[in-house]
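Understanding the architecture of this molecule
Residues per chain are reported as follows:
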There are 2 protein chains.
Amino acid sequence: MSALGHVKPQSMAFAQALPLRSGSVLRDYTLMYETYGALNAARSNAVLVCHALNASHHVAGRYEGDPKGTGWWDNLIGPGKPLDTDRFFVIGVNNPGSCFGSTGPTHLNPATQQPYGADFPVVTVEDWVDAQVRLCDALGIEQLAAVIGGSLGGMQALCWAMRYPQRLRHCIAIATAPNLSAQNIAFNEVARRAIVTDPDFHGGHYLAHGVVPKRGLRVARMIGHITYLSDDTMEAKFGRSLRAAVSGAADGDAGRTPRYTTQDIEFEIESYLRYQGDKFSEYFDANSYLLITRVLDYFDPAREHGGDLSAAFASATAKFQIISFTTDWRFSPGRSREIVKALLDNRLDVSYAEIAAPHGHDAFLLDDARYHGVLRARFDRIAREIEASSHGLGGMRIVP
Amino acid sequence: MSALGHVKPQSMAFAQALPLRSGSVLRDYTLMYETYGALNAARSNAVLVCHALNASHHVAGRYEGDPKGTGWWDNLIGPGKPLDTDRFFVIGVNNPGSCFGSTGPTHLNPATQQPYGADFPVVTVEDWVDAQVRLCDALGIEQLAAVIGGSLGGMQALCWAMRYPQRLRHCIAIATAPNLSAQNIAFNEVARRAIVTDPDFHGGHYLAHGVVPKRGLRVARMIGHITYLSDDTMEAKFGRSLRAAVSGAADGDAGRTPRYTTQDIEFEIESYLRYQGDKFSEYFDANSYLLITRVLDYFDPAREHGGDLSAAFASATAKFQIISFTTDWRFSPGRSREIVKALLDNRLDVSYAEIAAPHGHDAFLLDDARYHGVLRARFDRIAREIEASSHGLGGMRIVP
């Protein structure tokens, strides 16, 4: 299997303001994106990859001089991989409001020439999809072969199918839900409160104060992380192991007695969570965290149809692949089955795979053979459809 | 059903230092406790009630002049109630390290004459049980009819059965576990980090600075609260309802459009959690929160037996009633079944009830007919045993 060569981020500026669902608009914005593989002559082999809470346009491959910075879905996307860049033209895009280069809260507000901070307008899945459509327009792609995403990325894929039915042929929504449950919102809210009540938050204008609410970000990430992993994975990976003493530690914790401490690390799971929190607080923007958890909270396509999800999909025409993971308690299989039911109510072409995987919500990012097998089969089918369609075209050309 | 009259908290000072599992000792400590009902002549009808994270010795009844301050298990305990104070002498005790009057972090450290703060020694379930045994000694109770508790209270009941097998006849452990899972510890750790990283925490010596780390306490409580409720209960109680506008609100949220806000309350569940957090931060001590979550983390009786829970119960002789709730994802029924298995391995007298209840972990505090039915039957059995035993005694006296 060959690897992608060095990949490069690109940016595209949009002069036309983006009207937002909130009633506000986003002016003079830029989207960062990356592409992998080549667009075919018929412009029919493009696949859009939508990111979730804390990912970016850097979906696959590596940048020159940064051997560690592998794209977040590199196990899925590349030459010979399930989403094969020898066959498909793959697009990753960073959504506005995020913090990886596309216009977001750390950027200058054209109205004030100060960083947006907390004044960045509230965005939604619908707004993101609208921005993605404009990017596709600019790239000359009228119809995507597929839109794919996991978690919040899956919500974007579903939104494409509802909002722009003519502009995609396949919708692949993984480990996602038709909306957040009260418990999902509750976890988001606690994370937000940790950030907003950090004295370094300054009402969201921390940049003007030269600080970052890292304490809040750390706690927010720790909470999130617990919900990404299954109970079983945590148990298998950490259990009740005591953290080995820093020096002279024997293997495992056999014979170790606890330190009896309330503030220091005692258990391995604590060490792991603190590490995850620290790392996250170094690179993620606090206002982006607030915005993107709200993108999750607000997604609820059934709401405008009196809670009827089937009605929300009434105009959809795509072929659907829905995937869930048995141990995902954040977006449980039951939530995916709600989506499948709504699609079947509309007599749409839908395949559903419930993958027995131990890794919880995180499974959508991992390299599980059955999961990747489902995706490989789906992309094979899409590639064959593209081939058949161009042969058909070719045949028509030959006929005198 | 008659009510308890006004109840009164009592205190008992202990001059003899309490040796702690950590190797430290607790000197000159006081326990707050309450009793309900009358101790019989044989001193055989005493029932000890053990509290969980945030409760106290005030288990049942009301204080004079405080009609709202009902004891936390008042639905279970009182005249004619399942734990009938017309038949039993019930004892509630506040554990050391807590913050409801028994010696804790806000009290003066006799060594320094300053509040203990973060210097309060780390306590464990075993230490608490040792302190409870001394209280029973002081009350002249050689053997308890039963020890009962839910959650962390259930751990104390189990510890009594292992550590002082001759001093209780029945052990009633509800919604509890033989130890915390990695996920349980993880939630505790996030809560602790929220408290410890609050700038008002001052390394645990906030009282000396005249402040309280309320921000951290609020977040800690919000996290805890999510884990006490079932996903279903949250969904049924709050769902995705938007919080009604403060003034001129119509019923429900029909027709309401979202406010599109990242920092203000949008959903009802957010309002509820913030309220719970605010309330808690007004009365609970931050150092007590750290200590008591550690009491939970450290409980692991199987550890000293190479992980063999059955071996940990080898010396137990009590009769056991174990109860779990189907929707409790904090201490799931599977954890109770581990306890039941270990008890059966020791051929102990054990009844297990898995109650189908929608309320999650909180169910142990609620008035569920089947749940209270199980407890009523158990206490009836205990009362009959006490009666039979005193009749036996009477009979023996008559026999010449």
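The text that follows walks through the structure, step by step, so that each part is easy to find. All values derive from a computational prediction rather than experimental measurement.

Focus: the overall build of chain A
Secondary structure summary: chain A contains 10 helices and 14 strands in total. Since a compact globule built from 400 residues should have a radius of gyration of about 21 Å, the 22 Å found for chain A is in line with a globular shape. Principal-axis analysis of the C-alpha atoms gives chain A an extent of 85 × 55 × 50 Å. Across the 400 residues of chain A, 59% fall into the buried class. For chain A, the proportion of contacts with a sequence separation of at least 24, taken over those separated by at least 6, is 72%. Carbon and sulfur atoms make up 51% of the accessible area of chain A, which totals about 15200 Å². Computed over 39 positive and 43 negative side-chain charges, the inter-centroid distance for chain A is 3 Å.

Some remarks on the sheet that holds strand 5 (residues 46–50) of chain B
All names here are of chain B. Strand order across the open sheet formed by eight strands is 1-4-8-5-11-12-13-14, with mixed pairing between neighbours. Where the open sheet ends on each side, the last strands, each with one partner, are strand 1 (10–14) and strand 14 (350–355). Across the sheet, the mean angle from the axis of one strand to that of its neighbour is 20 degrees, orientation sign disregarded. Seen against the sheet, helix 2 (residues 152–163) touches strand 5, strand 11 (144–150), strand 12 (168–174) and strand 13 (319–325) and runs at an angle of roughly 150 degrees to strand 12.

Quick look at the side chain of His225 of chain B
Residues and elements named next belong to chain B. Following the sequence through the fold, His225 ends up in helix 4 (residues 214–228). Here the side chain of His225 touches Tyr272 through a polar contact of 2.6 Å, side chain to side chain. Excluding anything up to four places from it in sequence, His225 contacts Tyr272, Leu273 and Gln276.

Section: the pairing of strand 12 (residues 168–174) of chain A
Residues and elements named next belong to chain A. Of all seven residues that make up strand 12, six are buried, and the element is covered over most of its length. In this view, the connection linking strand 11 (residues 144–150) to its parallel neighbour strand 12 by way of helix 2 (residues 152–163) has right-handed handedness. The sheet contact formed by strand 12 and strand 13 (residues 319–325) spans five bridges and is parallel. The partner of Cys171 across the bridge, within strand 13, is Phe320.

Let's talk about the pattern of salt bridges
Between side chains of opposite charge, a pair can form when the charged atoms approach closely. Applying the stated rule across the entire model yields 48 salt bridges over all chains. In this structure, the salt-bridge partner of Lys81 of chain A is Asp74 of chain A, at a minimum N-O distance of 3.2 Å. A relative accessible area of 15% means that Lys81 of chain A is categorised as buried. By relative accessible area, which is 14% here, Asp74 of chain A ends up buried. Among the salt bridges present, the one from Asp380 of chain B reaches Arg87 of chain B, with a minimum N-O distance of 2.6 Å. With Asp380 of chain B in helix 10 (residues 369–398) and Arg87 of chain B in the loop between strand 7 (83–84) and strand 8 (89–93), this residue pair connects regions lying 293 residues apart in the sequence.

Side note on the packing of aromatic side chains
Within this structure, the stated rule accounts for 42 aromatic pairs over all chains. Ring geometry for Trp160 of chain B and Tyr164 of chain B: centres 5.9 Å apart, planes at 55 degrees, overall tilted. Residue classification places Trp160 of chain B among the buried positions, given a relative accessible area of 0%. Between Phe313 of chain B and Phe320 of chain B the ring centres are 5.9 Å apart and the planes differ by 85 degrees, which places this aromatic pair in the edge-to-face class. Neither Phe313 of chain B nor Phe320 of chain B differs from the other in exposure class; each is buried. An aromatic cluster is present here, built from Phe100, Phe280, Tyr283, Phe284 and Tyr289 of chain A joined pairwise through their rings.

Some thoughts on helix 7 (residues 286–298) of chain B
Residue and element names in this part refer to chain B. With 13 residues, helix 7 should cover 18 Å at 1.5 Å per step; its first-to-last C-alpha distance of 18 Å lies within 8% of that length. The element helix 7 is extensively covered by neighbouring structure, given that 13 of its 13 residues are classed as buried. Between the side-chain oxygen of the N-cap and the backbone nitrogen of Asn287 there are 3.2 Å, and the N-cap of helix 7 in question is Asp285.

So, the relation of the copies chain B and chain A
Aligned on chain A, chain B shows an RMSD of 0.0 Å; the corresponding rotation is 180 degrees and the shift along the axis is 0.0 Å. Such values leave the two copies arranged in the relation of a two-fold axis. Comparing interface residues between copies, 100% of those in chain B also lie at the interface in chain A; the contact surface is shared.

Quick look at helix 1 (residues 125–138) of chain A
Residue and element names in this part refer to chain A. Over its 14 residues, helix 1 extends 20 Å from the first C-alpha to the last, a length consistent with the 20 Å expected when each residue adds 1.5 Å. In terms of residue burial, helix 1 counts as a mostly covered element, since 12 of its 14 residues are buried. Every buried residue of helix 1 is accounted for by Val125, Glu126, Asp127, Trp128, Val129, Asp130, Ala131, Gln132, Val133, Arg134, Leu135 and Cys136. Positive phi shows up at Gly140, right after helix 1, with a value of about 75 degrees.

As for the sheet that holds strand 11 of chain A
All names here are of chain A. Spatially, 1-4-8-5-11-12-13-14 is the arrangement adopted by the eight strands of the open sheet, whose pairing is mixed. Across the chains shown, the open sheet's two edge strands, defined by having one partner strand only, are strand 1 (10–14) and strand 14 (350–355). Each strand of the sheet is rotated relative to its neighbour by a mean of 20 degrees, with strand direction disregarded. Relative to the sheet, helix 2 contacts strand 5 (46–50), strand 11, strand 12 and strand 13, its axis offset from that of strand 12 by approximately 150 degrees.

Examining unusual backbone geometry
Unusually for a residue other than glycine, Asp28 of chain A sits at a positive phi of about 45 degrees. Of note, Asp28 of chain A is situated in the loop between strand 3 (25–26) and strand 4 (29–36).

Examining empty space enclosed by the protein
As enumerated under the stated definition, the model contains five cavities of 30 Å³ or more in all. In terms of lining residues, the largest cavity is bounded by 14 residues, among which Ala194, Thr197 and Asp198 of chain A together with Ala194 and Thr197 of chain B are the most central. Roughly 80 Å³ of volume is contained in the second largest cavity. Taken together, Leu180, Gln183, Asn184, Phe187, Asn188, Thr227, Leu296, Trp329, Arg330 and Phe331 of chain B make up the full set of residues lining the second largest cavity. At four residues, the largest contribution of residues to the lining of the second largest cavity is made by helix 3 (residues 182–196) of chain B. Class assignment of the residues belonging to the lining of the second largest cavity gives a composition of five nonpolar, four polar and one charged.

A word on the interface of chain B and chain A
Many authors give the size of an interface as the accessible area that is lost as the parts come together. Across the boundary between the two partners, chain B contributes 61 residues, which contact 61 residues of chain A. Buried surface at the junction of chain B and chain A, both sides included, amounts to about 5100 Å², of which 61% is carbon and sulfur. Taken as a group, Arg240, Tyr260 and Thr262 of chain B account for 16% of the area that chain B buries against chain A, more than any other trio of residues on that side. There are eight salt bridges connecting chain B and chain A. For Arg192 of chain B, the salt bridge goes to Glu270 of chain A, with nearest N and O atoms at 3.1 Å. Joining chain B to chain A, the criterion identifies 26 residue pairs in polar contact (both at pLDDT 80 or more).

Some remarks on the environment of His225 of chain B
For His225 of chain B, a relative accessible area of 5% corresponds to the buried category. Taking C-alpha positions, His225 of chain B is 32 Å from Ser24 of chain B, a pair spaced 201 residues apart along the chain.

Structural notes on the layout of surface pockets
All names here are of chain B. Taken as a whole, the largest pocket encloses approximately 900 Å³ of empty space. Lining of the largest pocket is provided by 31 residues; of these, Asn54, Arg221, Tyr283, Asp362 and Leu365 occupy positions nearest its centre. Of all the elements in the fold, those that place two or more residues in the lining of the largest pocket are helix 4, helix 5 (231–237) and helix 6 (268–283). Looking at the lining of the largest pocket element by element, the count peaks at five residues for helix 6.

Remarks on the packing of helix 6 (residues 268–283) of chain A against helix 3 of chain B
Between helix 6 of chain A and helix 3 of chain B, whose axes approach to 9 Å, the crossing angle comes to 50 degrees. By the angle class used here, helix 6 of chain A and helix 3 of chain B are oblique. In this structure, the crossing between helix 6 of chain A and helix 3 of chain B has a hand that is right-handed. Contacts between helix 6 of chain A and helix 3 of chain B involve Ile269, Glu270, Leu273 and Arg274 of chain A on the former and, on the latter, Ala182, Ile185, Ala186, Glu189, Val190, Arg192 and Arg193 of chain B. Classifying every residue of the contact of helix 6 of chain A with helix 3 of chain B by side-chain character gives six nonpolar, no polar and five charged.

Conventions used here
Residues numbered from 1 in each chain as written. Chains lettered and ligands numbered in written order. Predicted model: local features only at pLDDT ≥ 70, side-chain atom pairs only at ≥ 80, totals over all residues. Heavy atoms only, no water. Helix = DSSP H or I, 4+ residues; strand = E, 2+ residues; numbered from the N terminus. Rg over C-alpha atoms; globule rule 2.2 N^0.38 Å. Buried < 20%, exposed > 50% of the residue type's maximum accessible area, 1.4 Å probe, protein only. Contact = heavy atoms within 4.5 Å. Areas by Shrake-Rupley, 256 points an atom, 1.4 Å probe, with all protein chains shown as cover. Lys, Arg positive; Asp, Glu negative; His and termini not counted. Charge placed at Lys NZ, Arg CZ, Asp CG, Glu CD. Pairing = 2+ DSSP bridges. Axes fitted to C-alpha atoms, helices over the stretch in contact; angles between N-to-C directions. Polar contact = N/O pair within 3.5 Å; in protein donor to acceptor, adjacent residues only side chain to side chain. Right-handed = clockwise from strand over helix to strand, strands pointing away. Salt bridge = Lys/Arg side-chain N within 4 Å of Asp/Glu carboxyl O. Phe/Tyr/Trp six-rings, centres within 6.5 Å; stacked < 30°, edge-to-face > 60°. Expected span 1.5 Å × (residues − 1). Least-squares fit on C-alpha atoms with pLDDT ≥ 70 in both. 1 Å grid on protein atoms, 1.4 Å probe; cavity = no way out; pocket = protein on both sides within 12 Å on 5 of 7 lines; lining within 4 Å. Points joined across faces, edges and corners; volume = space filled by probe spheres on them. Nonpolar A, V, L, I, M, F, W, Y, C, P; charged D, E, K, R; others polar. Buried area = accessible area lost by both parts, 1.4 Å probe. Parallel < 35°, antiparallel > 145°, perpendicular 65-115°, else oblique. Left-handed = near helix turned anticlockwise from the far one by under 90°.

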